[in-house]
Amino acid sequence: MAATSISSLLSTPNLKKNPSLSWKVSTPSAFTSFLPQQRTRKLEKMFVVMAMDAKPTVLVAEKLGAAGLELLKDFANVDCSYNLTQEELCTKISLCDALIVRSGTKVSREVFESSGGRLKVVGRAGVGIDNVDLSAATEHGCLVVNAPTANTVAAAEHGIALLTSMARNVAQADASVKAGKWLRNKYVGVSLVGKTLAVMGFGKVGSEVARRAKGLGMHVIAHDPYAPADRARAVGVDLVSFDEALATADFISLHMPLTPATSKVLNDETFAKMKKGVRIINVARGGVIDEEALVRALNAGIVAQAALDVFTVEPPSKDSPLIQHENVTATPHLGASTMEAQEGVAIEIAEAVVGALKGELAATAVNAPMVPAEVLSELAPYVVLAEKLGRLAVQLVAGGSGVKSVKVTYASARAPDDLDTRLLRAMIIKGVIEPISSVFVNLVNADFTAKQRGLRITEERILLDGSPENPLEYIQVQIANVESKFASAMSDSGEIKVEGMVKDGIPHFTKVGSFEVDVSMEGSLILCRQVDQPGMIGTVGSILGDSNVNVSFMSVGRVAPRKHAVMAIGVDDQPSKETLKKIGDIPAIEEFVYLKL
């Protein structure tokens, strides 16, 4: 249910907005130009059948495990084209719905612009996403997913392998023996027991390295401005400041992403703060180290040894002073290179890409709210409710009124920390913007699109007494400083106000203005304000029935008997103008409006 009900979050625009996304197959003119008319028609029919069964296209730009490729091929047309130049990638991308890369392909703004809006998903087969322009992806409504778990253990194990082999000069001693030498005294190492290891970046890989280092008898500290202290304590690790980590560590293991803040974070200035004789391991990103500064620190004895799996430019030049340095152990980006990790990453990224193409929300999305799968499932009907309330509210705005401010109220018995509303906010933005704009809004670009249009979204939570079994009791959407085409939708304080809740997994429209109603939010809706008198339901129902418009739900809310009432009518089909006019001509009806859900 979750995948179906929230598919519009990440699905493509409809064909009217972007015909290129229909995966339509045209009859090639080169085939038809020399065929008899009868055979041409047969060929056209064949291509129509192909079009109906057309699949999305996934471009795999770097090698991917066989199991992942098989998953992709079951759902999509897969184009494995490796070692593409940027120009070749930009040329190909306009024909692709998804792109899968590792660390060697740069997915730049130019790639997203060249896609012409067709590219919906970029999958990074690994953890880091510094080779993907996330800002450009978000602006173009393209979801970026990664595979953050499958290679975690492999990367951590490689970090430990570099740590231990560096401490005991394994690589240098091996090369020496193979060269016919026997230099036992030259390759005396250092013990790990009792030494302090500073883990710089306490994410998935960093925390796994810390666990293993603790098993080796090391004292482990960590620096990460975003890591929760309780998670560090659970591993037996002390969180410290950046400068303290540098000053006290005997070994430093790097596990941070490459961002503007971390680029060359280890440089002449930071090397000077380190304990003399420190040893450095890097299985994260080459760019976090100023490589020229590291060579200087090695030559000065500040850094005794370095073990590096990643480099600023990969592969590094053969005559690189860093690579050739006798106190450097180097491996060719092998962090995720185990058979188990390669297969796991391929499957994880293939599942994420296929799920996104189906319109499902990915828990591994990096430019959209990171929401666990169990939360996605629980919130699914509320996500639908949120979008439809946004659509209802904006359609009630009178023409010419500019929507600048939307207030959303969530009523729940759950504590604020137990209710993640980012998905709901994104869908309300989608519901408010799409009916009055040609822009396509999804989970990825919702906040950006709202900001770009000067739309201010404020959120309020009402804490209710009772059982927090359901995540929400109701959602209320208000639009301020506008006129309404249905005056009864205005609250006492002067805003358009609509409210809804989920009943038995189905979104229901429960309040408009100060009037209580109760209709399932399916199909479309007719709202009528009338004098509360007998026969009104039958009169309106008869007009719709005579016009062959099927009524799915009907509800009446009133302020008092024989006073004013609002009738909410759910209809499966759009009534004609003549039918709506007949409803409006009923003497007791004071105003009405037709709304598309």
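Residues numbered from 1 in each chain as written. Predicted model: local features only at pLDDT ≥ 70, side-chain atom pairs only at ≥ 80, totals over all residues. Heavy atoms only, no water.

- Going by an unreviewed UniProt entry, the protein carries the name D-3-phosphoglycerate dehydrogenase and comes from Papaver somniferum.
- Looking at the Subcellular location (unreviewed entry) heading of the UniProt record, one finds this comment for the protein: "Plastid, Chloroplast". (UniProt positions renumbered as here; feature names shortened; annotations may be inferred.)

## Re the overall build of the protein
- A count of helices and strands for the protein gives 21 helices and 22 strands.
- Scored against the burial criterion, the 597 residues of the protein give a buried share of 50%.
- In the protein, 66% of the contacts between residues at least 6 apart in sequence involve partners at least 24 apart.
- Surface accessibility of the protein: about 27900 Å² in total, with carbon and sulfur atoms responsible for 52%. (Helix = DSSP H or I, 4+ residues; strand = E, 2+ residues; numbered from the N terminus. Buried < 20%, exposed > 50% of the residue type's maximum accessible area, 1.4 Å probe, protein only. Contact = heavy atoms within 4.5 Å. Areas by Shrake-Rupley, 256 points an atom, 1.4 Å probe, with all protein chains shown as cover.)

## Quick notes on the packing of helix 8 (residues 152-167) against helix 10 (residues 204-215)
- Packing of helix 8 against helix 10 brings their axes to within 8 Å, and their N-to-C directions diverge by 50°. Considered as vectors, helix 8 and helix 10 are oriented oblique to each other. Between helix 8 and helix 10 the crossing geometry is right-handed. Two secondary-structure elements touch here, helix 8 through T152, V153, A155, A156, E157 and I160 and helix 10 through K204, V205, E208, V209, R212 and A213.
- By residue class, the composition of the contact of helix 8 with helix 10 is 7 nonpolar, 1 polar and 4 charged. (Axes fitted to C-alpha atoms, helices over the stretch in contact; angles between N-to-C directions. Parallel < 35°, antiparallel > 145°, perpendicular 65-115°, else oblique. Left-handed = near helix turned anticlockwise from the far one by under 90°. Nonpolar A, V, L, I, M, F, W, Y, C, P; charged D, E, K, R; others polar.)

## So, the pattern of salt bridges
- Tallying each qualifying case throughout the model produces 23 salt bridges.
- Among the ionic pairs, K120 bridges to D97, the shortest N-O distance being 2.8 Å. Here D97 lies in the loop between helix 5 (86-92) and strand 3 (98-101) and K120 lies in the loop between helix 6 (109-114) and strand 4 (121-124), a separation of 23 residues in the sequence. Neither K120 nor D97 differs from the other in exposure class; each is buried.
- Note that D250 is salt-bridged to K275, the shortest N-O span being 3.0 Å. In this pair, D250 is assigned in the loop between helix 12 (242-248) and strand 9 (251-254) and K275 in the loop between helix 13 (268-271) and strand 10 (278-282), connecting sequence segments 25 residues apart.
- For K275, a relative accessible area of 35% gives the class partly exposed.
- One salt-bridge network, held together by shared partners, links E387, R391, K430 and E434. (Salt bridge = Lys/Arg side-chain N within 4 Å of Asp/Glu carboxyl O.)

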